[in-house]
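Residue-level listing of the chains:
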Amino acid sequence: QVQLVESGGGLVEAGGSLRLSCKASGKIFSIHDMGWYRQAPGKQRELVASITSGGSTSYADSVKGRFTISRDNAKNTVYLQMNSLKPEDSAVYYCNTKAVVTMILGVMDYWGEGTLVTVSS
C-alpha cells in the first residue's frame, strides 16, 4: 500500500501564498504521475495540477500562472506552490499519485486525506 501525507494547508488572505507538500511512503515499486486535486463545498473534485515522473506539468486554466507543481523523486514528494491566492481557491486539496506496488497490481491510484485551504477576502 501507499500512504500519502499532505501538509501546508491553512488560512491565508487573498493575494497571499501557501505551499502544499505531499510525501508518499510504503512498499512502493515505482511512482508515475503525481498531482493535486481540490474539492470545494458543493462542487465536484477537480484536477488542479499534475506532474509526470519526467517533470512534465499540466495545470487547470484557473490556476495557470499562479500555481506551480514540482516534485522530488528521491523523496517521493510533490509540492504545490500557490501564489496570488483568491477566495475561489478555497477548498480541500487532495494529493494523488499513480504508483506501482507490485507488478501484478500494476498502476493504481492513491489518495491523501486532504488538507484544507481557506482564502479570506
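Quick caveat, the model's predicted, so the values are computed rather than measured.

(A) Up close: the packing of aromatic side chains. For the coordinates displayed, the defined rule picks out 1 aromatic pair. Taken together, a centroid distance of 4.9 Å and an interplanar angle of 65 degrees make the contact between Y37 and W111 edge-to-face. Within this pair, whereas Y37 is found in strand β4 (residues 30-39), its partner W111 is found in strand β10 (residues 107-111), the two being separated by 74 residues in sequence. Cation over ring: R45 sits above Y94, and NZ or CZ is 3.7 Å from the ring centre. Sitting over the ring of W111, R45 keeps its end group 4.7 Å from the ring centre.

(B) Representation of the pattern of salt bridges in the model. The tally for this structure, following the rule as stated, stands at 5 salt bridges. The residue R38 makes a salt bridge to E46 at a minimum N-O spacing of 2.7 Å. With relative accessibility at 6%, the residue R38 sits in the buried group. Here E46 falls in the partly exposed class, since its relative accessible area comes to 35%.

(C) Fine view of the side chain of S21. For S21, the position within the fold is in strand β3 (residues 18-26). For S21, a relative accessible area of 18% corresponds to the buried category.

(D) Broad picture of the environment of S121. Locating S121 in the fold gives a position in the segment after β11 (115-120). With 33 residues separating them in the primary sequence, S121 and E88 have C-alpha atoms 9.6 Å apart. Setting aside residues up to four positions removed in sequence, S121 forms contacts with A14 and P87.

(E) Region of interest: the nonpolar core. Grouped together as the largest cluster of nonpolar side chains are 30 residues, with contacts concentrated most on W36, V48, F67, V78, L80, M82 and Y93. Residue assignment for this core shows that the elements contributing at least two residues are β1 (2-7), β3, β4, β5 (46-51), β7 (67-72), β8 (77-82), β9 (91-100) and β11.

(F) Region of the structure containing the state of the cysteines. Applying the stated criterion to the full structure yields 1 disulfide. At a sulfur-sulfur separation of 2.1 Å, the disulfide partner of C22 is C95. Looking down the S-S bond of the C22 and C95 bridge, the torsion is -85 degrees, so its handedness is left-handed. One end of the pair, C22, is in strand β3; the other, C95, is in strand β9, and 73 residues separate them in sequence. Looking at C22, the relative accessible area reads 0%, which means it is buried.

Parameters and conventions
Residues numbered from 1 in each chain as written. Predicted model: local features only at pLDDT ≥ 70, side-chain atom pairs only at ≥ 80, totals over all residues. Heavy atoms only, no water. Phe/Tyr/Trp six-rings, centres within 6.5 Å; stacked < 30°, edge-to-face > 60°. Helix = DSSP H or I, 4+ residues; strand = E, 2+ residues; numbered from the N terminus. Lys NZ or Arg CZ within 6 Å of the ring centre and 35° of its normal. Salt bridge = Lys/Arg side-chain N within 4 Å of Asp/Glu carboxyl O. Buried < 20%, exposed > 50% of the residue type's maximum accessible area, 1.4 Å probe, protein only. Contact = heavy atoms within 4.5 Å. Core = buried A, V, L, I, M, F, W, Y, C linked by side-chain atoms within 4.5 Å. Disulfide = S-S within 2.5 Å.

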